[in-house]
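# Observations on the three-dimensional arrangement
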Amino acid sequence: LFFSKVLMSDILTNPSFFTKNNKLLLKHSGNFWMMIDNYLCSRKISRLKIDLLLTSFAAHYLIDTAFFLSETLKIPFVLTFRAFDLYKQASIRELETKIPIVKKATGIVTISNYNKKYLENKFQVKNTSIVHSSINVNDFKRDIRSRKPTQLLFVGRFVEQKGLIYLIKACGILNERGVAFSC
């Protein structure tokens, strides 16, 4: 009911916005609910005078939404690729269908040189910048053999892609070497 009132209002008060958005929505929305969501989102965002659109992840539906908003609002968009959206099998298949849109992005951001090379080699995606989403371990170097025990902290979700297994293996190596630590 709310959506139909919004549509009627837009048809009467801003027919060019309505027409332009609906052509793009029909072409780039994955399903009816996504189409409604994108339309309402574009109405809100169009009032904000945004200069650049940046995604925090690049799931297939975010790629579509970013492209739709970019086209509708005539602003550039930048996509951020981390790991899940690049390496999970279902995500790879979905991403392959979105590569023409990805290549239209003003920029691509990823978190590692490995990801950058993967995007370039597998999908021929250029214009990629690396922004590490981690700490610089060189800022924290110290002699691990000092008398004071080293304290290790893991912050993150307990899921495979976070690499917690490597922390556990590293703790085993430190223990074998007789290094005092707590984790």
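These lines cover the structure that appears in this document, whether it is placed above or below. Quick caveat, the model's predicted, so the values are computed rather than measured. (Residues numbered from 1 in each chain as written. Predicted model: local features only at pLDDT ≥ 70, side-chain atom pairs only at ≥ 80, totals over all residues. Heavy atoms only, no water.)

Although it is not a glycine, Lys74 adopts a positive phi angle of roughly 55°. With respect to the helices, strands and loops of the structure, Lys74 is situated in the loop between helix H4 (60–73) and strand E2 (77–81). Of note, the phi angle at Asn127 is positive, near 60°, even though the residue is not glycine. On the secondary structure map, Asn127 appears in the loop between helix H7 (113–123) and strand E4 (128–130). Residue class for Asn127 comes out partly exposed when judged on its relative accessible area of 48%. (Helix = DSSP H or I, 4+ residues; strand = E, 2+ residues; numbered from the N terminus. Buried < 20%, exposed > 50% of the residue type's maximum accessible area, 1.4 Å probe, protein only.)

Each aromatic ring pair is summarised here by two numbers: the centre-to-centre distance and the angle between the ring planes. Across all of its chains, the model carries five aromatic pairs by this definition. Between Tyr118 and Phe123, the ring centres sit 5.9 Å apart and the planes meet at 80°, which makes this aromatic pair edge-to-face. Residue Tyr118 is classed as buried on the basis of its relative accessible area of 16%. Between Phe154 and Phe158 the ring centres are 5.7 Å apart and the planes differ by 50°, which places this aromatic pair in the tilted class. Its relative accessible area of 26% is what places Phe154 among the partly exposed residues. An aromatic cluster of three or more residues is present, and its members are Tyr87, Tyr114, Tyr118 and Phe123. Between the NZ or CZ atom of Arg82 and the centre of the ring of Phe57, over which it lies, the distance is 4.9 Å. (Phe/Tyr/Trp six-rings, centres within 6.5 Å; stacked < 30°, edge-to-face > 60°. Lys NZ or Arg CZ within 6 Å of the ring centre and 35° of its normal.)

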